Amino acid sequence: MATIFSRIVAGEIPCHKVAEDEEFFAFLDINPVAVGHTLVIPKAEVDYLFDIDDPKLGRMMAFAKRVARAQEAAIPCKRVGVAVMGLEVPHAHIHLLPIAKESDMNFFGKKLSLSQEELAEIACRIREKFE
Ligand code: 5GP
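Cut-offs used in this document
The written sequence of each chain sets the order in which its residues are numbered from 1. Only residues with pLDDT of at least 70 are given local features in this predicted model, and only at 80 or more are side-chain atom pairs given and counted; all residues enter the totals for whole chains, interfaces and linings. Side-chain numbers here rest on the full set of heavy atoms in the structure, without hydrogens or water. Put simply, buried Ala, Val, Leu, Ile, Met, Phe, Trp, Tyr and Cys residues joined by side-chain atoms within 4.5 Å make one nonpolar core. Partly exposed describes any residue whose relative accessible area lies between the buried limit of under 20% and the exposed limit of over 50%, with all areas from a 1.4 Å probe on protein chains only and scaled to the type maximum. Any pair of residues with heavy atoms lying within 4.5 Å of one another is described as a contacting pair. Numbering of helices and strands starts at the N terminus; helices are DSSP runs of H or I of at least 4 residues and strands are runs of E of at least 2. Should DSSP find at least two bridges between two strands, the strands are taken to pair. To estimate how far a helix should reach, multiply one less than its number of residues by 1.5 Å. The directions from the helix axis to the C-beta atoms form the arc being described. Only rings of Phe, Tyr and Trp enter the pairing, Trp through its six-membered ring, and a pair is recorded when the two centres are within 6.5 Å. The plane angle decides the type: under 30 degrees is stacked, over 60 is edge-to-face, the rest tilted.

1. Considerations on the nonpolar core
Link 1 in the chain: Counting 26 residues, the largest nonpolar core has Val18, Val40, Phe63, Val67 and Ile126 as the members making the most contacts within it.
Link 2 in the chain: Apart from residues no more than four positions distant in its own chain, valine 67 is found in contact with Val18, Ala19, Ala26, Thr38, Val40, Leu96, Ile126 and Phe130.
Link 3 in the chain: Membership of the second largest hydrophobic core comes to seven residues, among which are Ile8, Phe27, Leu39 and Val89.

The following block contains the structure:
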C-alpha cells in the first residue's frame, strides 16, 4: 500500500507544497514544530533514508539545501535545523526547521497551531524564494 507521503505526491491527499523536481518533493509538515517546518522526501518510496544509494542521497541533500535557502530567505530565522527520525511515516523524509535557538527543535512539546490560510501563506512565501 502506498505511504501517506506517496499519496501526497500523487495529489490524492492535499498538502502545502513548497518545491519539487523530478525526484524529490517538499511540503509543510501538518503538525509544525516551527514556522515553515518542511519535509523533504524522495518521490520513489523508500522507508529508511540511509537505504537510499549514495548518489541519490547526495542529490536529495542538494535539493534540501535549496529548500533551506528558500526558507532562510522567506522566514525570519538564524538558520535551518535538520532532523531525521522516520519512526512515524515509513517513507524517508528530512525535517527542515527554520530556528533561532536550539529549543526551537523541540519535537516533543506542543506543536504550533496554524490555520490552513497561515500554512498556505507560509508555503507560498518559501515557494517564491525557491531557486
Ligand atoms: P517522523 O516519521 O519523522 O517521526 O514524523 C513524521 C512527520 O510527518 C511528523 O512531523 C508529522 O507531523 C508529519 N506528517 C504525518 N502525516 C502527515 C500528513 O498527512 N501530511 C503532512 N503534511 N505531514 C504529515
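2. Observations regarding the environment of alanine 83
Link 1 in the chain: The topology assignment puts alanine 83 in strand 4 (residues 79-83).
Link 2 in the chain: Sequence separation between alanine 83 and tyrosine 48 is 35 residues, and the spatial gap between their C-alpha atoms is 13 Å.
Link 3 in the chain: The contacts of alanine 83, once residues within four sequence positions are left out, are His93, Ile94, His95, Met105 and Phe107.

3. Quick notes on the pairing of strand 1 (residues 17-20)
Link 1 in the chain: Of the pairings in the sheet, the one linking strand 1 to strand 2 (residues 24-28) comprises three bridges and is antiparallel in character. For lysine 17, the partnering residue across the bridge sits in strand 2 and is phenylalanine 27.
Link 2 in the chain: Between strand 1 and strand 2, which pair antiparallel one after the other, the connecting turn spans three residues.

4. Observations concerning helix 3 (residues 116-129)
Link 1 in the chain: In this model helix 3 runs 20 Å from its N-terminal to its C-terminal C-alpha over 14 residues, within 8% of the 20 Å that 1.5 Å per residue would give.
Link 2 in the chain: Along helix 3, the residues that are buried comprise Leu119, Ile122, Ala123 and Ile126. Projected onto a plane normal to the axis of helix 3, the buried residues spread over an arc of 95° and lie on a single side. Exposed and oriented more than 90 degrees from the buried face of helix 3 are Glu117 and Glu128.

5. Looking at helix 2 (residues 54-74)
Link 1 in the chain: For helix 2, built from 21 residues, the straight-helix expectation of 30 Å at 1.5 Å per residue is met to within 8% by its first-to-last C-alpha distance of 30 Å.
Link 2 in the chain: Residues Lys56, Leu57, Met60, Phe63, Ala64, Val67, Ala68, Ala70, Gln71 and Ala74 constitute the buried set of helix 2. Buried residues of helix 2, seen end-on, are gathered within an arc of 160° and therefore sit on one face of the element. Residues Asp54, Pro55 and Lys65 are exposed on helix 2 and point more than 90 degrees away from its buried face.
Link 3 in the chain: Structurally, helix 2 contributes buried residues whose contacts are with strand 1, strand 2, strand 3 (38-42), strand 4, strand 5 (94-99) and helix 3.

6. Details of the packing of aromatic side chains
Link 1 in the chain: One pass over the structure, following the stated rule, counts five aromatic pairs.
Link 2 in the chain: Between phenylalanine 24 and phenylalanine 63, the ring centres sit 5.7 Å apart and the planes meet at 40°, which makes this aromatic pair tilted. A residue pair is termed long-range when its members are at least 10 positions apart, and phenylalanine 24 in strand 2 and phenylalanine 63 in helix 2 qualify at 39 residues.
Link 3 in the chain: With a relative accessible area of 0%, phenylalanine 24 lands in the buried category.
Link 4 in the chain: Counting every residue linked through ring pairs, the aromatic cluster contains Phe5, Phe25 and Phe27.

This is a description of form; function is not addressed.
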